[in-house]
Each structure stands twice: as structure tokens, then as C-alpha cells.
Amino acid sequence: MAIDYIIIGAGVIGSATACYLKKALPESRILLIDRNHTAGAGNTAKSAALFRNFFSSRTNRLLAGSSIRYYLELGSKVRLDPTGYLWLFSKEQWNDSQKAIQQLDPEKNKFEILDRDRIMDILRINYQAKGHFPDVNSGIFCHLCGSLSATALAQHYASLFESMGGEINFNTDIKEFIITGQNSCYAPWDDVSVDGIVDQKGNAYNAKKFIVATGAWTHDLLAPIGIASGILPKKRQLFALKIKNNAGLLVNSTIRPAIILPAGGVYIKPVLDKNIIIAGCADDLGQPFLMSDPEPDPLYFQNAIEPVLNHYFPELDFTLSLKWAGYYDYHWPDMTPVIESVANLTWVGGTSGSGIMKADAIGRIAAARMQGYEEAFLADGSKFKVSRLSLRDRDVEKEELII
Ligand SMILES: Cc1cc2nc3c(=O)[nH]c(=O)nc-3n(C[C@H](O)[C@H](O)[C@H](O)COP(=O)(O)OP(=O)(O)OC[C@H]3O[C@@H](n4cnc5c(N)ncnc54)[C@H](O)[C@@H]3O)c2cc1C
């Protein structure tokens, strides 16, 4: 039986897309392919796996909020831990963010505004400014936030897909596309499309439609066949720090949120049962849009993260125990996902550092697009116009609350 759809990439996005497509089209033959040995072993496995519904852009709120609704139902299956987020602002940042924050409804979006005293009830933090490090003036405690296991989430979608009769080929590395006629001298009136793909062993796979969900590898895969995907890779690093105890971080361990500090885009995720905190940083200029060096850099920790932690948590005793690096798949202009097609090929990606928290919605929207629907139904029952995430008819808002 001929294959109807091939999805390349079994990260959280490809697996969710495969799952919702198979659910909608049970009679179709759908093949999910990945070069790794299991689902979610690419950048999905490298993520901090934090989730938040707290965005200024309505699109991001819809994508993340509806996905979180679904993840809450999965609960312990994906090791969901709704610890909350504590987003800290200096006085200046607070004033600058007012326009974005005032658009949000604390009740509906489940957050509360904390003054400095209330922050000090939760964190043992130095709130004073010094040098590069601004003061801690205000905070937002976001209740519909936390963490989960990103690989468990990808594997949940992949196994649901398989249980519905979907096929998966792991250890299959796609090296090239076969374009109609194997000819690069097409006339404008030629009907050019993708006939097939070829793996590392030279095996060819043909299908009616192809979906590329290869995250940070999308540009390298699609640029050679003349597709400007709008998605570029950027290195991001995480550092696991062993702490003696949480006394230098939290007032007590019953409230143990992920924390976004007011300096340098540094954030931390406490994993208190293992006496670990995971620290990351949202750096920007100077970090190339290239997949050049996948190794984490201890100097980066020393320069960009350690001084921030030392300033805000002077009593926190930590040693660097583990470090890793991965790649964000950025859609640079608005840092919002992309779902676009050329001929019979569709690509879905550009998750820009928030693909875990939005995967359920992205999977549903990509599956709707593959079926030619104008709207997708998200997990919270809301409708989402599919073309809003396209490049040609894009309709998304600028995100103001960026980490
Ligand atoms: C350090 C770091 C921290 C992050 N923290 C968070 C966070 O806290 N919260 C959040 O929501 N997001 C976070 N992210 C982002 C998140 O990890 C991504 O948005 C998400 O994993 C994207 O999923 P994906 O399926 O598109 O990509 P991937 O998981 O990378 O999946 C792509 C798959 O395609 C496969 N592939 C690629 N090319 C080929 C090929 N030629 N042939 C066959 N297979 C191929 C790969 O093997 C891979 O499995 C973080 C990312 C990083 C790097």
C-alpha cells in the first residue's frame, strides 16, 4: 500500500503532528521517520522542559495555554510538575512591561503580582542593584506553569500514533529529497514536487505528501532544494548545579517555582528532590545562527550565569555538575512557530525555545493544515485559523514577554 504521508522528525513536534494526523485519518498510511533510536531524542531531550501560559501575544497564549490544558490531563504520565513560574522584574523592567502586563487578566491567565516583600517570602534573594545587576522590584507568580518530561511527552504522542496503526522508522537519517524528474532545469510551468526521500543507506521512500518536522535541522535540509523555511538554529546551553540544600534559594520548599531573574536572561529550574538547580541563559547577539559547535562551554557559565547567581543568591552554595547544549529552531522575526507548504511538502517548526509548551497545539494545527482545513480545534475547545502560522498569510502578534 502506498504511503500517504511521511513525517521526517520524531521530536515532540513531529510526534504530535503524526498522532493528530493519524487520529483524523485512520485509514491513511503514515510513516514517521527519525535518525535517532527513539522519539524525542533530538533537541526535545535537551530542553529545560518548562511550560508557561504567560505570554503577551494572544497567539502564544492560545498555543501554550491550550497545550498545557492537555498536559494537565496527562499529569504523571509526562511527569508534570506544576511548580509555577516566578518572573522577577527590576523597577525599570516593570515600568517597561506595563503595557504587556495590563493586557492580561490575572484571573483568566492565572497569575498574581507580587511586591518585593512577597517575593522575599518565597526567595532568599538579594534585591539590591549592583553593577550589571538590576534591583528586584516586582514579580509575577504564574500558576499555570511548571515543568514536565519532554521526552515522555514526545514518546506519549509517538506511542499513541503507533497504537492507531502509524508506522515508525527509527535510525533512518534522511539525506536527500527526490524532486520530480530528477532535473534542476525546470521550466516555470513544470509541476514540480517531492517524489521521495533517500536515507543514509540509499533506501528511497515515496509518499504523496511530506512533512518536515526536523526542528533546528530544517534549514540545512530544505535550503538545498530551494526552500527558505524561515527557521534557523541557535545554540542554547543548560547547566545543572548541585546545591547542598535549598536554604540559600528558597524560604521553604513548599513553593519552589522556576525563577526568571532580572539580569541577562538567566533563569533557573529547581529540581529539589535531586538537590539540583538547572540554569540557563537567553543570550542573543554574538551567538551565531549555525549548528557549528554542539559542546557546552564552561566559560559561558562562568561569564554569563555564575555571576548572576552569585549576585542574587549570595548564600547559595553550588557546584557545576553537568552541562549540555542544544539548538533552538528560531523563527527570528516574531519567535512564533511556522507551518508552511511548497507543493506537496509542508514544514512545521520555528518553535523558538517554546516547542515543548506549545507542541500539542502545533501538532493539531499542522494536522489540520495537512487535511486542507482552514481551522484547527485546540485542546481547550478554541478554534485557531491555520494560515496564521504560515509565512505567506502570517498573522501573529509581537511577543513582549521574552526570556
Ligand atoms: C537548551 C534548551 C532549552 C529549552 N528549554 C525549553 C523549555 O523550557 N520549554 C520549551 O517549551 N521549550 C524549550 N526548548 C525548545 C524545545 O526543546 C524545542 O522547541 C522543541 O524540542 C522542538 O521540537 P522539535 O520536534 O521541532 O525538534 P527536535 O526535538 O529537535 O526534533 C527534530 C527531530 O528531527 C530529527 N531529524 C533531523 N534531521 C533529520 C534527518 N535528516 N533525518 C531524520 N531525522 C532527522 C532529529 O533526530 C530530531 O529527533 C529548549 C531548547 C533548548 C535547546
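J.: In this structure, what is going on with the packing of aromatic side chains? I would like to understand it.
T.: Where two aromatic rings form a pair, the distance of their centres and the angle of their planes describe that pair. Tallied over the full model, the rule gives 15 aromatic pairs. Summarising the aromatic geometry, the rings of Phe89 and Trp94 are spaced 5.2 Å apart at their centres and angled 70 degrees between planes, so their arrangement reads as edge-to-face. Each member of the pair, Phe89 as well as Trp94, is classed as buried. Plain terms: the ring middles of Phe301 and Phe318 are 6.4 Å apart, the flat faces sit at 80 degrees to each other, and that makes the pair edge-to-face. Of this pair, Phe301 sits in helix α8 (residues 298-312) while Phe318 sits in strand β16 (residues 318-330), and the two are 17 residues apart along the sequence. Taken together, the ring pairs in this structure connect Phe54, Trp87, Phe89, Trp94 and Phe111 into an aromatic cluster. Between the NZ or CZ atom of Arg35 and the centre of the ring of Trp217, over which it lies, the distance is 5.2 Å. The lysine or arginine in question, Lys234, covers the ring of Phe289, its NZ or CZ lying 4.6 Å from the ring centre.

J.: Got a minute to help me understand the nonpolar core in this structure?
T.: By size, the foremost hydrophobic cluster in this structure holds 80 residues, and its most contacted members are Ile140, Leu148, Leu153 and Ile365. The dominant element in this core, judged by the number of residues it contributes, is helix α9 (residues 355-370), at ten residues. Each of domain 1 (3-47 + 150-231 + 333-389) and domain 2 (85-143 + 233-328) contributes no fewer than three residues to this core. Core analysis: the second largest hydrophobic core is formed by 33 residues, Leu123, Phe141, Val308 and Tyr312 among them.

J.: Help me out: how do you make sense of the pattern of salt bridges in this one?
T.: Between side chains of opposite charge, a pair can form as their charged atoms come close. All told, the structure shown has 14 salt bridges when counted by the stated rule. In this structure, Glu167 engages Arg29 in a salt bridge whose closest nitrogen and oxygen atoms are separated by 2.8 Å. You can see Glu167 sitting in strand β8 (residues 167-169) and its partner Arg29 sitting in the loop between α1 (12-24) and β2 (30-33), a full 138 residues away along the chain. In this structure Arg29 comes out as partly exposed when scored by relative accessible area, which is 23%. Ionic pairing is found between Arg256 and Asp81, a salt bridge with its closest N-O pair at 3.1 Å. Placement of the pair is Arg256 in the loop between β12 (232-243) and β13 (258-260) and Asp81 in the loop between α3 (58-74) and β4 (85-89), with a sequence separation of 175 residues. Judged by its relative accessible area of 28%, Arg256 is partly exposed.

J.: Sorry if this is basic, but what is going on with the domain arrangement of the protein here?
T.: Note: interface size is frequently given as the accessible area lost on complex formation between the parts. Annotation of the protein at the domain level lists domain 1 (3-47 + 150-231 + 333-389) and domain 2 (85-143 + 233-328). Centre-to-centre, using C-alpha coordinates, domain 1 lies 33 Å away from domain 2. A buried area of about 730 Å², summed over both sides, lies between domain 1 and domain 2, and 61% of it is on carbon and sulfur atoms. A per-residue breakdown of the area domain 1 buries against domain 2 is headed by Asn43, Lys46 and Ala216, which together make up 52% of the total. Taken together, the connections running from domain 1 to domain 2 amount to zero salt bridges.

J.: Just checking my understanding: could you explain the site of the ligand for this structure?
T.: Residues in contact with the ligand amount to 36 residues; listed here are only the nearest, Asp34, Asn43, Thr44, Leu50 and Thr351. Ile13 is positioned such that a nitrogen or oxygen atom in its backbone is 3.0 Å from an oxygen atom of the ligand. Take Leu50: an N or O atom from its main chain is 2.9 Å from a nitrogen atom of the ligand. Summarising the interface, the protein chains cover 98% of the accessible area of the ligand, which totals 1000 Å² for the free molecule. Within the residue set of the shell around the ligand, elements represented by two or more residues are α1, α2 (43-46), β12, β16 and α9.

Conventions we followed
Residues numbered from 1 in each chain as written. Predicted model: local features only at pLDDT ≥ 70, side-chain atom pairs only at ≥ 80, totals over all residues. Heavy atoms only, no water. Phe/Tyr/Trp six-rings, centres within 6.5 Å; stacked < 30°, edge-to-face > 60°. Buried < 20%, exposed > 50% of the residue type's maximum accessible area, 1.4 Å probe, protein only. Helix = DSSP H or I, 4+ residues; strand = E, 2+ residues; numbered from the N terminus. Lys NZ or Arg CZ within 6 Å of the ring centre and 35° of its normal. Core = buried A, V, L, I, M, F, W, Y, C linked by side-chain atoms within 4.5 Å. Domains from an automatic or database assignment. Salt bridge = Lys/Arg side-chain N within 4 Å of Asp/Glu carboxyl O. Buried area = accessible area lost by both parts, 1.4 Å probe. Near = heavy atom within 4 Å. Polar contact = N/O pair within 3.5 Å; in protein donor to acceptor, adjacent residues only side chain to side chain. Areas by Shrake-Rupley, 256 points an atom, 1.4 Å probe, with all protein chains shown as cover.

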